[in-house]
Amino acid sequence: MTIARTSSLTSAPFWQFWRVPQQSAVMSFPVKISPEKSHKLYVFDHCEYCTRARMIYGLKNIAVDIVFVMYDKGQKLIDMAGKRITPILQIESEIKLESLDIVKWVDEEFGAPILLPGSNRTDIAEWLHDTAMLRRKLTRPRFVRHPLPEFTQRSARDEYIFTHPFTAGCARPPTPYSAPAENFNASVDTNTSEVSQNLEDNNESSPQDSEVTTAEAKFSNSTKTTTIPVFDMTNCVEIEPDLDDMKEEYEEKFRQTPQLLRKINSKLKELTKMVFSENHASGHGLSYDDIALFPALRPLSLIKGISLGRKLSTYMYRMSLRSDVPLFHGI
């Protein structure tokens, strides 16, 4: 292995935004270790699953080339992976998919593993599920307003809005986003309590994101079973999507910020009690629980006026520094 150049972090605006103490103007970190073979990680900046893969490289201090893909250039991903999915890890001619598989491989490949197993925290899993639609309403309109690298062109922003409607019913997304109902499979990694949906939608949630659910998926460990609603598209009525209507819907959600903000701030008070400390989500230390929680909360840093409280704010700040994944600016 070779050693890459020294990295440093200067004070950034998000420090003030998250209201945590600034320690020094410049903080130095250990030099990153470069693998013998070049690693390229293809991601969207807004994608929670991509954040997971980025985290492990930062936590292990391994150099990786982060490649941000324009959102409407999905064919590039299909050519690489056979489907439109992120993240994609490319090591010369080898391709690795699925965020948790990448996390596990990197953690075990470079030195002793640093991540402890997940603790099967159903409380945090249920909180993330219960707030999923609320978080989408707040973050999605901001994704396309913020200068994220995948949305720097209007066509990319339009593609995202078109494929991520809020309303119930079925807008007809372009191939390869659609997935027949009979191919829908909800499953859970019991180490992380992660619901993975077999939908070709960038490893994100169901394209329809309807607030009306009619089916259920279950995951269990040795002691309990938890029921989580999922989307049943069996009787879905296909409607002709209208991009202008979808854009107006995004604007309407942005105008609803004051009401939505009150709701999420209230829910965040509940989450604060579940997080063990300012350093890690669960009591046994840095684990796959953090690989699940930090990426889910990171998009909230887009929201001006979000109130995480001191413990969650410090948790996000420290995890951002440790994983070398920056937070956003509130708008």
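Calculation notes
Residues numbered from 1 in each chain as written. Predicted model: local features only at pLDDT ≥ 70, side-chain atom pairs only at ≥ 80, totals over all residues. Heavy atoms only, no water. Helix = DSSP H or I, 4+ residues; strand = E, 2+ residues; numbered from the N terminus. Buried < 20%, exposed > 50% of the residue type's maximum accessible area, 1.4 Å probe, protein only. Contact = heavy atoms within 4.5 Å. Pairing = 2+ DSSP bridges. Right-handed = clockwise from strand over helix to strand, strands pointing away. Expected span 1.5 Å × (residues − 1). Axes fitted to C-alpha atoms, helices over the stretch in contact; angles between N-to-C directions. Salt bridge = Lys/Arg side-chain N within 4 Å of Asp/Glu carboxyl O. pLDDT = per-residue confidence, 0-100. Disulfide = S-S within 2.5 Å. Phe/Tyr/Trp six-rings, centres within 6.5 Å; stacked < 30°, edge-to-face > 60°.

Caption draft 1: Structural detail: the overall build of the protein chain. Helix and strand counts for the protein chain stand at eleven helices and 14 strands. Residue burial in the protein chain is summarised as follows: out of 331 residues, 49% are buried. The contacts of the protein chain with a sequence gap of at least 6 include a subset with a gap of at least 24, amounting to 73%.

Caption draft 2: Molecular detail of the pairing of strand β6 (residues 65-68). One ladder, built from four bridges, connects strand β5 (residues 39-43) with β6; its direction is parallel. Across the sheet, the residue bridging to Y42 is V67, located in β6. Note that the unit made of β5, helix α2 (residues 48-59) and β6 has a crossover that is right-handed.

Caption draft 3: Main features of helix α6 (residues 132-143). With twelve residues, α6 should cover 16 Å at 1.5 Å per step; its first-to-last C-alpha distance of 15 Å lies within 8% of that length. Burial runs high along α6: twelve of the twelve residues are buried. Of the residues making up α6, those classed as buried are A132, M133, L134, R135, R136, K137, L138, T139, R140, P141, R142 and F143. Turning to α6, the residues buried within the fold contact α2, α5 (122-130), α7 (154-163), α8 (243-255), α9 (257-274) and α10 (288-297).

Caption draft 4: Representation of the sheet that holds β5 in the model. With mixed pairing, four strands are arranged side by side in an open sheet as β6-β5-β7-β8. Each of the sheet's edge strands pairs with one partner strand only, and the pair in question is β6 and β8 (94-97). With strand direction ignored, the average angle separating the axes of adjacent strands in the sheet is 25 degrees. Packed on one face of the sheet, helix α4 (residues 99-109) meets β5, β7 (88-91) and β8 and runs near 115 degrees to β8.

Caption draft 5: Local environment of the pattern of salt bridges. Evaluated as defined, the whole model comprises 14 salt bridges. A salt bridge links K104 to E108, with the nearest nitrogen and oxygen atoms 3.1 Å apart. Linking K104 with E108, this pair stays in helix α4, spanning four residues, or about one helical turn. Across the pair R255 and E252 runs a salt bridge, and its minimum N-O distance is 2.8 Å. In this pair, R255 and E252 are both assigned in helix α8, three residues apart and thus about one turn of the helix distant. Among the charged side chains, a network of salt bridges with common partners joins D45, R54 and R298.

Caption draft 6: Here's a closer look at the confidence of the model for the protein chain. With 69% of its residues at a pLDDT of 70 or more, the protein chain has an overall mean of 77. In this model residues 1-25 is a low-confidence stretch, pLDDT under 50, and it forms 65 contacts with partners more than four residues away in sequence or in other chains. This stretch, residues 168-235, has a pLDDT under 50; its non-local contacts, to residues over four places away or in other chains, come to 154 contacts.

Caption draft 7: Layout of the pairing of β8. Sheet topology note: the β7/β8 ladder contains four bridges and is antiparallel. Each bridged residue has a counterpart across the sheet, and for Q90 the counterpart in β8 is I95. The hairpin formed by β7 and β8 contains two residues between the paired strands, and E92 there has a positive phi angle of roughly 55 degrees.

Caption draft 8: Local environment of helix α11 (residues 309-323). For α11, which comprises 15 residues, the first-to-last C-alpha distance of 21 Å matches the rise-based estimate of 21 Å (1.5 Å per residue) to within 8%. If you check which residues of α11 are buried, you get L312, S313, T314, Y315, M316, Y317, M319, S320, L321 and S323. Just beyond α11, the residue with positive phi is D324, at close to 60 degrees.

Caption draft 9: How the structure looks around unusual backbone geometry. A cis amide bond, omega 5 degrees, links T86 with the succeeding residue P87. The phi dihedral of D324 falls on the positive side, at around 60 degrees, and the residue is not glycine. Its location among the elements puts D324 in the segment after α11.

Caption draft 10: Expanded view of the environment of P258. Inspection of the secondary structure puts P258 in helix α9. For P258, a relative accessible area of 43% translates into the label partly exposed. For the pair P258 and G305, spaced 47 residues apart in sequence, the C-alpha to C-alpha distance is 9.1 Å.

Caption draft 11: Structural detail: the state of the cysteines. Under the definition given, this model contains zero disulfides. C47 carries a free sulfur, and the closest cysteine sulfur to it, the one in C50, is 3.1 Å from it.

Caption draft 12: Just the packing of aromatic side chains, in detail. Applying the stated criterion to the full structure yields seven aromatic pairs. Ring centres of F44 and Y71 lie 4.9 Å apart, and the angle between their planes is 45 degrees; this geometry places the pair in the tilted category. Separated by 27 residues along the polypeptide, F44 in the loop between β5 and α2 and Y71 in the loop between β6 and α3 (74-81) bring together distant segments of the chain. An identical accessibility class is assigned to F44 and Y71; each is buried.

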